Amino acid sequence: MSNLPLELHLIGSAEIQLPCADLAPALAFFVDRLGFRVDVIFPAEEPTTASLSGHGLRLRLAPVGGDPGIIRLACAELHAQDARVLIAPNGTRIELVEADPPILQPLFQPEFVLTRAADGPEPGAGRAGMIYRDLIPSRLGGAVVASHISIPDGGPVADWVHFHKITFQMIFCRRGWVRLVYEDQGEPFILSAGDCVLQPPRIRHRVLESSPGLEVVELGCPAVHETLADHDMPLPTGRLLPDRDFGGQVFLRHIAAETSWTPYGAGFERQATRMVQATRGIADVGVLRPATANRLDVPAHHGDLLFGFVLEGAAKLERQGAHPLAAADAFVIPPGEAWVLEDCGADFALLQVALRGGRPGG
């Protein structure tokens, strides 16, 4: 095998080759049934090979061996009576799928979760060079994913303009800083430690660069969701539309340095965000810390999710027994259960995320 570098600028086009022992019926199927057009065919007197194009795809039907393959055709609309699978004469499986299927938000399957940073597992490599640590391994039935994400070295991030098919997604900066840009939200800005953003459904955005040692906590619904590139939208867009609606939500940038702390419970204080307003009641996000006490009795919640992430310090979680908490530990409290934080150190700080019942984004 040659080790010479591939000169990409010399590549003019690409096509997928499919085995085809009998060209005529396969050609009729792809052209007449699926709407492809013939670009090349040979030999003229008894054709055996043809190149076709259509729907953003280029195919080559040729008398070769191999798997007949699968082609997915994204359709703007599918009716109940439409066949969803077709088999071409050469054996290729044609799957007709919705171009933009609705998001399926699984129902939450509540359980107590405690994920300690000291217990592993080791974080894994994710998209664009980011390191991910899973904070809710069960995903609560596929309803939610929470990740502790880091970029150890910092510098420019190999990201691109993209968006997510989600019903809820937020990012909280724990350490360092990251420079971000969002669709119709003005120029790029710095998200610093203590700041957070709500990324409403389908908003285009891009991660530009970060400090060394960046750490963020990201939480999104559903657990498995698509990330889609938008190769046509430049960011920034040159517009500032803070009230623009994205799937029933608006973009939120919470700046910790500009937000006051207010009393919370007996002897604690909380820095709230405007997440309730931005999500129209779907979610509430804030940071708790001790003020004059080291114990906080927390009443039961009746939503879908109560998630906590220890930003700094140590404490003890009382919930059917004592559970020591250290920095970067995370937990989930099921609905209907009261719980207690005690032995909180003076530097203890807890990120708290509540999803308030029903289906986010529904």
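Look a little higher up for the structure.
Residues numbered from 1 in each chain as written. Predicted model: local features only at pLDDT ≥ 70, side-chain atom pairs only at ≥ 80, totals over all residues. Heavy atoms only, no water.

### Description of the overall build of the protein
- Scanning the protein for helices and strands turns up 2 helices and 31 strands.
- Relative to the globule expectation of 21 Å for 362 residues, the C-alpha radius of gyration of the protein, 26 Å, shows a markedly less compact shape.
- Summarising its shape, the C-alpha atoms of the protein cover approximately 90 × 45 × 45 Å along the three principal directions.
- Across the 362 residues in the protein, those meeting the buried criterion constitute 46%.
- Across the protein, contacts joining residues at least 24 apart in sequence account for 68% of those joining residues at least 6 apart.
- Carbon and sulfur atoms provide 54% of the accessible area of the protein, an area that totals close to 18,000 Å².
- A distance of 3 Å separates the average location of the 30 positive side-chain charges in the protein from that of its 43 negative side-chain charges. (Helix = DSSP H or I, 4+ residues; strand = E, 2+ residues; numbered from the N terminus. Rg over C-alpha atoms; globule rule 2.2 N^0.38 Å. Buried < 20%, exposed > 50% of the residue type's maximum accessible area, 1.4 Å probe, protein only. Contact = heavy atoms within 4.5 Å. Areas by Shrake-Rupley, 256 points an atom, 1.4 Å probe, with all protein chains shown as cover. Lys, Arg positive; Asp, Glu negative; His and termini not counted. Charge placed at Lys NZ, Arg CZ, Asp CG, Glu CD.)

### A closer look at the environment of Pro242
- Tracing the sequence through the fold places Pro242 in the loop between β20 (227–229) and β21 (252–254).
- Note: C-alpha distance between Pro242 and Asp184 (58 residues apart in sequence) is 7.5 Å.

### Some remarks on the sheet that holds strand β7 (residues 93–98)
- Across the sheet, which stays open at both edges, the 3 strands sit in the order β5-β7-β6 with mixed pairing between neighbours. Each edge of the open sheet carries a strand with a single partner, namely β5 (70–75) and β6 (85–87). Strand-to-strand twist in this sheet, taken as the mean axis angle between neighbours without regard to direction, amounts to 25 degrees.
- Of the pairings in the sheet, the one linking β5 to β7 comprises 6 bridges and is parallel in character. Paired with Cys75 across the strands is Glu98, a residue of β7.
- In the packing of helix α1 (residues 23–33) onto the sheet, contacts are made with β5, β6 and β7, and the angle to β6 comes to roughly 145 degrees. (Pairing = 2+ DSSP bridges. Axes fitted to C-alpha atoms, helices over the stretch in contact; angles between N-to-C directions.)

### A few points about the pairing of strand β2 (residues 37–42)
- As defined by bridge partners, β2 adjoins strand β3 (residues 49–54) across 5 bridges and the pair is classed as antiparallel. Its bridge partner being in β3, Val40 is matched across the sheet by Ser51.
- Remark: 6 residues form the turn of the hairpin made by β2 and β3, two consecutive strands paired antiparallel.

### Focus on unusual backbone geometry
- That bond from Phe42 to Pro43 is cis: its omega, -15 degrees, falls within 30 degrees of zero.
- If you trace the backbone, Pro43 turns up in the loop between β2 and β3.
- Between Leu235 and Pro236 the backbone carries a cis peptide bond, its omega angle lying at 0 degrees.
- Locating Pro236 in the fold gives a position in the loop between β20 and β21.
- Within the chain, Leu140 stands out as a residue other than glycine whose phi angle is a positive 50 degrees.
- Looking at the element boundaries, Leu140 is found in the loop between β10 (131–134) and β11 (145–151).
- Classification of Leu140 by relative accessible area gives buried; the value is 2%.
- Despite not being glycine, Arg280 has its phi angle at roughly 55 degrees, a positive value.
- Along the chain, Arg280 turns up in the loop between α2 (275–278) and β24 (283–290).
- Take Arg280: its relative accessible area is 59%, and that puts it in the exposed class.

### A closer look at the pattern of salt bridges
- Using the criterion set out here, one finds 26 salt bridges in the structure.
- Notably, a salt bridge pairs Lys165 with Asp100, separated by 2.8 Å at the nearest N-O pair. Here Lys165, found in the loop between β13 (162–164) and β14 (168–175), pairs with Asp100, found in the loop between β7 and β8 (113–115); they are 65 residues apart in sequence, far enough to count as distant.
- Among the salt bridges present, the one from Arg289 reaches Glu269, with a minimum N-O distance of 2.5 Å. (Salt bridge = Lys/Arg side-chain N within 4 Å of Asp/Glu carboxyl O.)

### Observations regarding the packing of aromatic side chains
- Counted under the stated rule, the structure contains 6 aromatic pairs.
- Ring centres 5.5 Å apart and planes at 90 degrees place the aromatic pair Phe29 and Phe30 in the edge-to-face group. Each member of the pair, Phe29 together with Phe30, is buried.
- Summarising the aromatic geometry, the rings of Phe30 and Phe36 are spaced 5.8 Å apart at their centres and angled 80 degrees between planes, so their arrangement reads as edge-to-face.
- An aromatic cluster is built from Phe29, Phe30 and Phe36, whose rings are joined through pairwise contacts.
- It is Arg289 that lies over the ring of Trp261; its NZ or CZ is 3.7 Å from the centre. (Phe/Tyr/Trp six-rings, centres within 6.5 Å; stacked < 30°, edge-to-face > 60°. Lys NZ or Arg CZ within 6 Å of the ring centre and 35° of its normal.)

### Digging into the side chain of Gln105
- As for its position among the elements, Gln105 is in the loop between β7 and β8.
- Within the structure, Gln105 has its side chain in polar contact with the backbone oxygen of Ala143 (distance 3.0 Å).
- Among the polar contacts made by the side chain of Gln105, one reaches the side chain of Thr167 at a distance of 3.1 Å. (Polar contact = N/O pair within 3.5 Å; in protein donor to acceptor, adjacent residues only side chain to side chain.)

### Quick look at the sheet that holds strand β31 (residues 349–355)
- Across the sheet, 7 strands lie side by side as β8-β29-β26-β31-β24-β23-β22; this open sheet has antiparallel pairing. Strands at the two margins of the open sheet, each flanked by one partner only, are β8 and β22 (262–264). Between one strand and the next, the sheet's axes are offset by a mean angle of 25 degrees, whatever the strand orientation.
- As defined by bridge partners, β22 adjoins strand β23 (residues 268–272) across 3 bridges and the pair is classed as antiparallel. Note that in β23 the partner of Thr262 across the bridge is Arg270.

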